[in-house]
Amino acid sequence: MPETQLAERIEIIKEIVCDILEIEEDEVTPTSLFKEDHKADSLRAIEILAALEKKFSVVIDQSELPRMVNIDGVYQVVSEAAGW
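Report follows, based on the coordinates. (Residues numbered from 1 in each chain as written. Predicted model: local features only at pLDDT ≥ 70, side-chain atom pairs only at ≥ 80, totals over all residues. Heavy atoms only, no water.)

1. Quick notes on the nonpolar core
A general feature of soluble globular proteins is that nonpolar side chains tend to end up buried together.
Right, so step 1: Counting residues in each nonpolar core, the largest one holds 23 residues, and the members touching the most others are I13, L52, I60 and M68.
Right, so step 2: Elements represented by at least two residues in this core include exactly α1 (3–21), α3 (42–56) and α4 (71–82).
Right, so step 3: Filtering out sequence-adjacent residues up to four positions away, I60 remains in contact with L49, L52, E53, M68, V77, V78 and A81. (Core = buried A, V, L, I, M, F, W, Y, C linked by side-chain atoms within 4.5 Å. Buried < 20%, exposed > 50% of the residue type's maximum accessible area, 1.4 Å probe, protein only. Helix = DSSP H or I, 4+ residues; strand = E, 2+ residues; numbered from the N terminus. Contact = heavy atoms within 4.5 Å.)

Right, here's the structure in full:
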């Protein structure tokens with residue numbers, strides 16, 4: 001996959017996560033933990049999952065939520081669901 005496409009997808013994921021968690025994008029790193037570092041709760045995690053499903057036209061099983069703890073984990077789950 002071209003670097004630009006990867007970067008764009010990660011940026012979109014980051015925007016969605018930051019919007020839902022109500023934090024600035026510069027506060028989030030690829031490995032900062034949503035719950036521990038950004039005070040996210042399980043309801044926010046489900047909101048993130050739903051927003052990603054809508055944005056990328058994918059279906060993500062809620063059993064994947066434990067893997068979606070940071071931007072890297074979210075990208076992994078979304079990329080598997082989307083077949084990237």
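2. As for the pattern of salt bridges
Right, so step 1: On inspection of all chains with the given rule, the structure shows 3 salt bridges.
Right, so step 2: Its salt-bridge partner being R44, residue E47 comes within 3.7 Å of it at the nearest N-O pair. Taken together, the residues span about one helical turn, with E47 and R44 both in helix α3 at a distance of 3 residues.
Right, so step 3: One salt bridge in this structure joins R67 and E64, with 2.7 Å as the shortest N-O distance.
Right, so step 4: According to the relative accessible area criterion, R67 is partly exposed, its value standing at 34%.
Right, so step 5: E64 gets classed as partly exposed once you look at its relative accessible area, which sits at 23%. (Salt bridge = Lys/Arg side-chain N within 4 Å of Asp/Glu carboxyl O.)

3. A word on the environment of G73
Right, so step 1: With respect to the helices and strands, G73 occurs in helix α4.
Right, so step 2: In sequence terms G73 and P30 are 43 residues apart; their C-alpha atoms lie 8.5 Å from each other.
Right, so step 3: If we ignore the near neighbours within four places in the chain, the residues touching G73 are R67 and M68.

4. Some words on the side chain of N70
Right, so step 1: Structurally, N70 can be placed in the loop between α3 and α4.
Right, so step 2: The contacts of N70, once residues within four sequence positions are left out, are P30, T31, S32, L33 and F34.

5. Section: the layout of surface pockets
Right, so step 1: Roughly 220 Å³ of internal volume is contained in the largest pocket.
Right, so step 2: What lines the largest pocket is a set of 13 residues, and nearest its centre among them are K35, A45, L65, M68 and V69.
Right, so step 3: Of all the elements in the fold, those that place two or more residues in the lining of the largest pocket are α2 (34–38) and α3.
Right, so step 4: Across the lining of the largest pocket, the residue classes tally to 9 nonpolar, 1 polar and 3 charged. (1 Å grid on protein atoms, 1.4 Å probe; cavity = no way out; pocket = protein on both sides within 12 Å on 5 of 7 lines; lining within 4 Å. Points joined across faces, edges and corners; volume = space filled by probe spheres on them. Nonpolar A, V, L, I, M, F, W, Y, C, P; charged D, E, K, R; others polar.)

6. A look at the packing of aromatic side chains
Right, so step 1: One pass over the structure, following the stated rule, counts 2 aromatic pairs.
Right, so step 2: Judged by centre distance (5.2 Å) and plane angle (75°), the ring pair of F56 and W84 falls under edge-to-face. In this pair, F56 sits in helix α3 while W84 sits in the segment after α4, placing the two residues 28 residues apart along the sequence.
Right, so step 3: In this structure F56 comes out as buried when scored by relative accessible area, which is 16%.
Right, so step 4: Residue W84 is classed as partly exposed on the basis of its relative accessible area of 32%.
Right, so step 5: One aromatic cluster in this structure is built from F56, Y75 and W84.
Right, so step 6: Looking at R9, its charged tip hangs above the ring of W84, at a distance of 4.0 Å from the centre. (Phe/Tyr/Trp six-rings, centres within 6.5 Å; stacked < 30°, edge-to-face > 60°. Lys NZ or Arg CZ within 6 Å of the ring centre and 35° of its normal.)

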